[in-house]
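Read off the chains here:
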Amino acid sequence: MPDEDGYFGESVAAGYDESCAEMFEAGAVGPAVELLAELAGGGRTLELGVGTGRVALPLARRGIEVHGIDLSRAMVDRLRAKPGGTAIGVTIGDFATARAPGSFSVAYLVFNTIMNLTSQDAQVDCFRNAAAHLAPGGRFVVEVAVPDLRRLPPGQDVVPFRVDGERLGFDLYDVATQSMSSHHVRVVDGRGSYESVPFRYVWPAELDLMARLAGLRLRDRWDGWTRQPFTSESRQHVSVWEKPAG
């Protein structure tokens with residue numbers, strides 16, 4: 001990784017909220033916060049990969065206690081600088097293994113963050129870590145894309161996701177290893193920049209097996225935060241696994 005903050009160091013954190021502005025809009029955040037608050041039922045919540053607080057801050061404003069885990073001090077600094085940010089406890093570390101204090105009613109991972117763990121072992125560790133944080137009856141919630149391999153014709157391993165006058169973005173896939181990387185080329189005031197971030201895409205059934213290894217069982221799976229049915233045409237899912245109550 002580039003430095004101790006991983007791939008989300010100062011250069012990324014400085015413009016993260018602006019680069020993902022559509023994900024900060026009420027229509028994107030509101031349904032997620034509503035569902036997480038309902039699942040928490042007044043209990044404590046743990047966000048794995050809390051970042052700049054896109055979900056944690058509005059969830060805390062609902063009166064829900066939120067704690068976060070994040071590797072990037074630069075991202076957490078942005079969280080701390082926002083109104084209410086200092087009230088959210090944060091553990092600095094790898095969310096696949098770092099331990100936060102206490103137990104929680106809900107642990108959650110949003111916006112494809114499970115794919116930031118670039119090996120199957122790390123993703124399995126993440127499920128085990130989430131389960132270890134949950135009180136009996138607690139839920140682990142993951143929002144992640146369904147692998148978009150149907151967009152790959154035979155012999156092609158690159159899929160563009162943005163092409164305009166300011167930015168070029170494309171994903172590079174290796175279907176043998178389930179690894180992928182997102183590549184971003186930006187032009188601002190006539191000057192170009194390039195960055196690449198690695199991921200590991202993961203299938204819904206594979207996540208279910210990881211959950212079983214961690215002692216969790218699937219409770220719900222929807223197409224999104226408003227609980228639309230998950231179908232063969234869904235390009236993302238919100239899944240909820242439950243820790244047995246006894």
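Worth saying up front: this structure is predicted, and the values here are computed from it rather than measured.

Peer 1: Is there a simple way to think about the packing of aromatic side chains in this case?
Peer 2: How two aromatic rings sit relative to each other is given by the distance of their centres and the angle of their planes. Overall, the coordinates contain five aromatic pairs when judged by the stated rule. Their ring planes at 40 degrees and their centres at 6.2 Å tell us that phenylalanine 140 and tryptophan 241 sit as a pair that is tilted. With phenylalanine 140 in strand β5 (residues 134-145) and tryptophan 241 in strand β11 (residues 236-242), this pair connects stretches of sequence that are 101 residues apart. Across the pair, tryptophan 241 and phenylalanine 140 agree in class, each one buried.

Peer 1: What is the right way to read unusual backbone geometry from this model?
Peer 2: Excluding glycine, most residues fall at negative phi; most peptide bonds, likewise, are trans. The residue asparagine 112 is not glycine, and still its phi comes out positive at about 65 degrees. Inspection of the secondary structure assignment puts asparagine 112 in the loop between β4 (104-109) and α6 (120-133). Look at arginine 227: it is not a glycine, yet its phi comes out positive at around 65 degrees. Mapped onto the elements, arginine 227 comes out in the loop between β10 (217-222) and β11. A relative accessible area of 36% places arginine 227 in the partly exposed class.

Peer 1: Sorry, what's going on with the nonpolar core here?
Peer 2: A general feature of soluble globular proteins is that nonpolar side chains tend to end up buried together. Leu48, Ile114, Cys126, Phe127, Phe140 and Leu216 are the most contacted members of the largest nonpolar core, which totals 37 residues. Residue assignment for this core shows that the elements contributing at least two residues are β1 (45-48), β4, α6, β5, β9 (191-200) and α7 (204-213). Sorting elements by how many residues they give to this core places α6 first, with six residues. Apart from the residues within four sequence positions on either side, leucine 216 is in contact with Phe127, Ala131, Leu134, Phe140, Ala211, Trp241, Glu242 and Lys243. Counting residues in each nonpolar core, the second largest holds 27 residues, with Val29, Val33, Ala37 and Trp225 among its members.

Peer 1: I would appreciate a short explanation of the side chain of arginine 139 in the present structure.
Peer 2: Within the secondary structure, arginine 139 sits in strand β5. You can call arginine 139 buried: its relative accessible area is 13%. In this structure, arginine 139 is in contact with Leu39, Ser105, Val106, Ala107, Leu134, Arg219, Val240, Trp241 and Glu242, ignoring residues within four places of it in sequence.

Reading guide: rules and limits
Residues numbered from 1 in each chain as written. Predicted model: local features only at pLDDT ≥ 70, side-chain atom pairs only at ≥ 80, totals over all residues. Heavy atoms only, no water. Phe/Tyr/Trp six-rings, centres within 6.5 Å; stacked < 30°, edge-to-face > 60°. Helix = DSSP H or I, 4+ residues; strand = E, 2+ residues; numbered from the N terminus. Buried < 20%, exposed > 50% of the residue type's maximum accessible area, 1.4 Å probe, protein only. Core = buried A, V, L, I, M, F, W, Y, C linked by side-chain atoms within 4.5 Å. Contact = heavy atoms within 4.5 Å.

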